[in-house]
Amino acid sequence: MKISLCIPQYNRIKFLLYNLEEIAKQKYENIEVVISDDGSTDNTVEEIERVKLNYRFPIIFYRQPSNQGYDKNLRTSIELATGDYVIILGNDDTINPAYDLLDLVLFLNKNNLPDVGFTNFINAETGNTEYRAANTEILGNGPEVAFRHYSRSSFVGGLIYKHSTYMKYNSPKFDGSVYTQMYHCSLIVADGGVLFSIVEPVVVKDILPHEQNRSSYTDNLHRRWSEFKVVNGGLPSVLRVLISAFEDANVLTQERIYGIFRKMYGTTFPFWILTYRKDKAMPEAVGLAIGMKPGRVTEFSRLNWKNRIKINMLYTLTSVSALIIPIIVFEKMKTRLWHMANNVKA
């Protein structure tokens, strides 16, 4: 079985080169590396052409004719793959050298070649394993499974697709959302594709080459009231992507729309308000609370009047609570809240 490691690339060539160094440590032989470059302005092309000459595994390299954006570039990397399965990596993620991809191949063959899956990963900055999978197992298929596990695909590193299945559902519908992978994963599973999980940390996230500094989302948070602006953190895109995935699978119901909103406003939304507050960005937290008022979200109109009332009440409760709860309390409940948001047993 051939495994394609698909990497959407844009600048930060030092990260990609370090990624390739780690991938080369794999014992499993039937691997190809697929890199789609989104018009990098650094020396990505020259460096990859140099590495290709002596690299252990075949490298497929493609350069977009112009900058296409993250989603299109991600899809291109998968389209170029020739493997039976693809594993997605950011250019600053890599395959865990301690994990033998043969174990993944054996699992896939033993379980009748399931369609889409996710793995746990190691945070390179802390050395800790971050969990989104409770076991190595087949999780099933259908709309309820898709709804229960959709948040597993918010982080793209370590997502695994059967290539033929992905190509059946591949669509540019959510290019520009930065959540195209969530749309495709949810659509595949809701439409009958089989979902699986791998408990071993197959991926190392946020690798940091020597003498290289890392920027963080926290660098761009608004911490002064003079910088205040209304924001939404991209959360309406998540709602739109999920509702469309269930709709395109012909399994969308009013209760499912309500369930998506309830999970967003009950866990994900307050989690990010509290995270901004913890990072000393109260103006950003208030901006998110205002920006995510349900009436501002286009898909809110798809709820019936009873469910709109319930979501408005939930929004009021969680936004006020998240803005006033002591951060020390959040620190104690943060892990549990994250597990709730991701349906992972603590």
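Reading guide: rules and limits
Residues numbered from 1 in each chain as written. Predicted model: local features only at pLDDT ≥ 70, side-chain atom pairs only at ≥ 80, totals over all residues. Heavy atoms only, no water. Helix = DSSP H or I, 4+ residues; strand = E, 2+ residues; numbered from the N terminus. Rg over C-alpha atoms; globule rule 2.2 N^0.38 Å. Buried < 20%, exposed > 50% of the residue type's maximum accessible area, 1.4 Å probe, protein only. Areas by Shrake-Rupley, 256 points an atom, 1.4 Å probe, with all protein chains shown as cover. Axes fitted to C-alpha atoms, helices over the stretch in contact; angles between N-to-C directions. Parallel < 35°, antiparallel > 145°, perpendicular 65-115°, else oblique. Left-handed = near helix turned anticlockwise from the far one by under 90°. Contact = heavy atoms within 4.5 Å. Pairing = 2+ DSSP bridges. 1 Å grid on protein atoms, 1.4 Å probe; cavity = no way out; pocket = protein on both sides within 12 Å on 5 of 7 lines; lining within 4 Å. Points joined across faces, edges and corners; volume = space filled by probe spheres on them. Nonpolar A, V, L, I, M, F, W, Y, C, P; charged D, E, K, R; others polar. Salt bridge = Lys/Arg side-chain N within 4 Å of Asp/Glu carboxyl O. Core = buried A, V, L, I, M, F, W, Y, C linked by side-chain atoms within 4.5 Å. Polar contact = N/O pair within 3.5 Å; in protein donor to acceptor, adjacent residues only side chain to side chain. Right-handed = clockwise from strand over helix to strand, strands pointing away.

Draft legend 1. Molecular detail of the overall build of the chain. Summing up its helical and strand segments, the chain has 12 helices and 10 strands in all. Over its C-alpha atoms the chain spans a radius of gyration of 20 Å, differing by no more than 12% from the 20 Å that the globule rule assigns to 346 residues. Principal axes of the C-alpha set define a box for the chain whose edges measure 60 × 45 × 40 Å. Within the chain, the fraction of its 346 residues that count as buried is 55%. For the chain, the accessible surface area stands at approximately 15600 Å², while carbon and sulfur atoms represent 52% of it.

Draft legend 2. Representation of the packing of helix α8 (residues 235-248) against helix α9 (residues 254-278) in the model. Packing of α8 against α9 leaves a shortest axis separation of 10 Å and a crossing angle of 155 degrees. Our classification of the angle between α8 and α9 gives roughly antiparallel. Seen along the crossing, α8 lies across α9 with a hand that is right-handed. Each of L235, V238, L239, L242, I243 and F246 in α8 lies in contact with α9, whose residues at this interface are R256, I257, I260, F261, M264, T268 and F269.

Draft legend 3. Up close: the pairing of strand β2 (residues 31-37). Counting buried residues along β2, seven of its seven residues qualify, which places the element largely inside the surrounding structure. A two-sided burial pattern is seen for β2, the buried positions comprising I31, V33, I35 and D37 on one face and E32, V34 and S36 on the other. Note that strand β1 (residues 3-9) and β2 share seven bridges and pair parallel. Across the sheet, I7 pairs through a bridge with I35, a residue of β2.

Draft legend 4. Fine view of helix α3 (residues 70-79). Counting buried positions over the 10 residues of α3 gives seven, a clear majority of the element. Among the residues making up α3, those that are buried are D71, N73, L74, R75, T76, S77 and I78.

Draft legend 5. Summary view of empty space enclosed by the protein. Within this structure, the stated rule accounts for one cavity of 30 Å³ or more. In this structure, the largest cavity occupies an estimated 110 Å³ of space. Listing elements by their share of the lining of the largest cavity, those giving two or more residues are β6 (116-123), α5 (143-149) and α7 (180-190). For the lining of the largest cavity, the class distribution of residues is nine nonpolar, four polar and one charged.

Draft legend 6. View of unusual backbone geometry. Even without being a glycine, V178 presents a positive backbone phi close to 60 degrees. Mapping V178 onto the fold places it in the loop between α6 (163-169) and α7. Even without being a glycine, K280 presents a positive backbone phi close to 60 degrees. Mapped onto the elements of the fold, K280 is located in the loop between α9 and α10 (282-291).

Draft legend 7. Structural detail: the pattern of salt bridges. Within the structure shown, the criterion is met by 13 salt bridges. Among the salt bridges present, the one from E47 reaches R50, with a minimum N-O distance of 2.5 Å. Of this pair, E47 and R50 both sit in helix α2 (residues 44-52), three residues apart, which is roughly one turn of the helix. By relative accessible area, E47 is classed as buried at 19%. The partner of R75 in a salt bridge is D175, and the shortest N-O contact between them spans 2.8 Å. One end of the pair, R75, is in helix α3; the other, D175, is in the loop between α6 and α7, and 100 residues separate them in sequence.

Draft legend 8. The arrangement of the nonpolar core in detail. In terms of nonpolar packing, the biggest core is built from 65 residues, with I78, Y161, F261, Y265, F269, L288 and M292 touching the most fellow members. Per-element tally for this core: the top contributor is α9, with 11 residues. Counting 35 residues, the second-largest nonpolar core is a separate cluster that includes L17, F57, F121 and F155.

Draft legend 9. Structural view of α7. In terms of burial, α7 is a largely internal element, 11 of the 11 residues being buried. When we look at burial in α7, the residues that qualify are T180, Q181, M182, Y183, H184, C185, S186, L187, I188, V189 and A190. Within two residues after α7, G192 carries a phi angle of roughly 115 degrees, on the positive side.

Draft legend 10. Region of interest: the environment of N120. Mapped onto the secondary structure, N120 falls in strand β6. Classification of N120 by relative accessible area gives buried; the value is 0%. C-alpha of N120 to C-alpha of I290: the two residues are 170 residues apart in sequence and 33 Å apart in space. If we ignore the near neighbours within four places in the chain, the residues touching N120 are T129, E130, Y131, R132, A133, I198, V199, E200, P201, V202 and V203.

Draft legend 11. Representation of the side chain of S197. Take S197: it is sitting in strand β10 (residues 195-205). Looking at S197, its side chain comes within polar contact range of the main-chain oxygen of N135, at 2.6 Å. If sequence neighbours within four positions are ignored, S197 has contacts with F107, F118, A133, N135, T136, E137 and L139.

Draft legend 12. Highlighting the pairing of strand β3 (residues 59-63). Summarising the sheet, β2 and β3 pair through five bridges and their orientation is parallel. Residue pairing in the sheet places V34 in a bridge with I60 of β3. Crossover β2 to β3 through α2 is right-handed.

Any functional reading would require information beyond the geometric quantities listed.
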